[in-house]
Amino acid sequence: MENEIKTKSKFWKGVLVGSLVTAFAGLIIVGIAAGINLIGQTVMDNQAQMQITAEAEDREGLDLDIINQKINTLQSLVESNFLFQEDIDKEKLEAGIYKGMLSGLEDPYTVYYTPEEYESLTEETEGVYCGIGVLVSQNISSGVITALRVFQGSPAEEAGMKKGDIIYKVGEIETSEMELDVLVQQEIRGEEGTYVDITVLRDGEELELHIQRRIVEVTTVESRMLENQIGYIMVTQFELVTGEQFKQAVDSLQKQGMKSLIIDLRDNPGGVLDAVVEMAAYILPEEPLDGMIVSTMDKDGKGDRYYSDGGKICFASDSGLSDPRYPKKDGHELDIPMVVLINGNSASASEVFAGALQDYGCAKLVGTTSFGKGIVQSLVQLDDGSAVKMTVSHYYTPGGADLHKKGLEPDIEVELEIPEEFKGAFEVPLEQDNQVQKAIEVLEE
């Protein structure tokens, strides 16, 4: 009992400490999620893999002979002394070696995936999932997982889960002991109609929820017209469908006579870069920053650039790489007053978008300082089906700002004040949302 109390005390201490990674409980989100990769997926074929191996032989690094000797010694100790010989899973033991090596880099975004984990992580983010309908975040330092958003009409909402609940256990698994993306894909997701038991902590009490998995379709963009011809667009995450949904929302509001616009990126953890680039290009002019939307730079000073030029969205790389998705058509810009709402959970792809609009002087940022994830991961598939997701570069806003561990500072700082009657509710009405009301005030000025 004493050990249990100490464990929970340690668990609670970590709730508000450190950085966050996020994932949707029904898909993998690319962003601050411990997911695939902000800028695009890098998959290496066998030839490239052989080149890496050859180059490694010529580099100074770990003494593999000494390491191999030590592994042999440890293996002998296990075979000679480990009590539960019948429980040894050799594949898990081997995977643990690789996972441990990368964890020694002390970068929470650099991770080894087994072939099974990789297969489940690379499903496309189309906006339709078989899950429970919750956006969750994980504190990187403590492993604590929190419900960031419970979607209306979802199985999780019907079962009683609320925003701010701490996901303590899934079945008998303590969630803080697993990587978020793996937990979501392998434990929370599942076949339609099956159930998952989730224990949450709320106000110091444990609550057990029995939640049915269902097909959940989440609209990533919601829009409406406010008073005084102010348009409002909320983007909950960046998926493959988000760019087109956003453009349709802008077009619809313009047809309704929109004269100014609020774009709400609060609690948006990021996602697919293509969607961000497409959305930013739909709004931004090509001047004065040469159409730049986002750029990256690796340890050797090389990088990639996404920019608009001559009515097209373009991609260029110092490494000579090409992207078959580019160039894309872009002949649109939005020349009206705009405000972008951000908070401490606006991260990665959200920061790319908000930072671009701020640098071009197209929008004022209102809210609180954003998360501050300004690094890029690439996913490298190895020839045995496993994969490594590794931090490879920084990204920069069009004006050259590096946001990593800093975040975007709002032009107008406003802390969210939730009225007592709406605490724990699905959402606060826009009329009662003080940050939205401040944004309206800024636009009317």
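This text follows the structure it describes.
What you see is a predicted model, and the numbers here were worked out from it, not measured in a lab. (Residues numbered from 1 in each chain as written. Predicted model: local features only at pLDDT ≥ 70, side-chain atom pairs only at ≥ 80, totals over all residues. Heavy atoms only, no water.)

Undergrad: An account of the overall build of the protein chain is needed here, citing residue identities and associated values.
TA: A tally of regular secondary structure across the protein chain gives eleven helices and 22 strands. Looking at the protein chain residue by residue over its 445 residues, the buried ones come to 50%. Relative to all contacts within the protein chain whose residues are 6 or more apart in sequence, the contacts with residues 24 or more apart total 68%. Accessible surface, the protein chain as shown: approximately 22300 Å² in total, 48% of it carbon and sulfur. (Helix = DSSP H or I, 4+ residues; strand = E, 2+ residues; numbered from the N terminus. Buried < 20%, exposed > 50% of the residue type's maximum accessible area, 1.4 Å probe, protein only. Contact = heavy atoms within 4.5 Å. Areas by Shrake-Rupley, 256 points an atom, 1.4 Å probe, with all protein chains shown as cover.)

Undergrad: So what about helix α3 (residues 64-81)? Which residues, and what values?
TA: The end-to-end C-alpha distance of α3, which contains 18 residues, comes to 25 Å, matching closely the 26 Å that a straight helix rising 1.5 Å per residue would cover. At the N-terminal end of α3, a side-chain oxygen is found 3.2 Å from the backbone nitrogen of Asp65, two or three residues along, and the residue is Asp63. (Expected span 1.5 Å × (residues − 1). Polar contact = N/O pair within 3.5 Å; in protein donor to acceptor, adjacent residues only side chain to side chain.)

Undergrad: Which residues make up the nonpolar core, and what are the values?
TA: Counting 48 residues, the largest nonpolar core has Phe246, Ile263 and Phe353 as the members making the most contacts within it. Going through the elements one at a time, β12 (230-235), α8 (242-255), β13 (260-264), α9 (273-283), β14 (292-298), β16 (312-317), β18 (338-342) and α10 (349-359) are the ones with two or more residues in this core. In this structure, Ile263 is in contact with Ile233, Phe246, Ile283, Met338, Val339, Val340, Leu341, Phe353 and Leu357, ignoring residues within four places of it in sequence. The next biggest cluster of nonpolar side chains, apart from the first, holds 27 residues, and it includes Ile145, Val184, Ile188 and Ile198. (Core = buried A, V, L, I, M, F, W, Y, C linked by side-chain atoms within 4.5 Å.)

Undergrad: Could you give me a rundown of the sheet that holds strand β19 (residues 364-367), with the residues and numbers involved?
TA: The six strands are arranged β11-β12-β13-β18-β19-β22 in an open sheet whose pairing can be described as mixed. Edge positions in the sheet fall to β11 (221-225) and β22 (412-413), since each has one partner strand and no second. (Pairing = 2+ DSSP bridges.)

Undergrad: Go over the pattern of salt bridges, please, and point to the residues and values.
TA: Under the counting rule described, the total for this entry stands at 14 salt bridges. One salt bridge in this structure joins Asp300 and Lys299, with 3.6 Å as the shortest N-O distance. Of the two residues examined, Asp300 and Lys299, each falls in the exposed class. Overlapping salt bridges bring together Glu244, Lys247 and Glu278 as one network. (Salt bridge = Lys/Arg side-chain N within 4 Å of Asp/Glu carboxyl O.)

Undergrad: If you had to explain unusual backbone geometry to someone new, which residues and values would you point to?
TA: In this model, Glu287 is joined to Pro288 through a cis peptide bond whose omega is 10 degrees. In this structure, Pro288 sits in the loop between α9 and β14. Cis rather than trans, the peptide bond between Tyr326 and Pro327 has omega equal to 5 degrees. On the secondary structure map, Pro327 appears in the loop between β16 and β17 (328-329).

Undergrad: Describe in detail the pairing of strand β15 (residues 304-309), supporting the description with residues and values.
TA: Burial along β15 is one-sided: Asp304, Tyr306 and Ser308 are buried, and none of Arg305, Tyr307 and Asp309, which face the opposite way, are. Bridging between β14 and β15 involves three bridges; their strand directions are antiparallel. Paired with Met292 across the two strands is Tyr307, which belongs to β15. The hairpin turn running from β14 into β15, its antiparallel successor, is five residues long, and Gly301 in that turn takes a positive phi close to 85 degrees. Relative to β16, β15 runs antiparallel, the two being bridged by six bridges.

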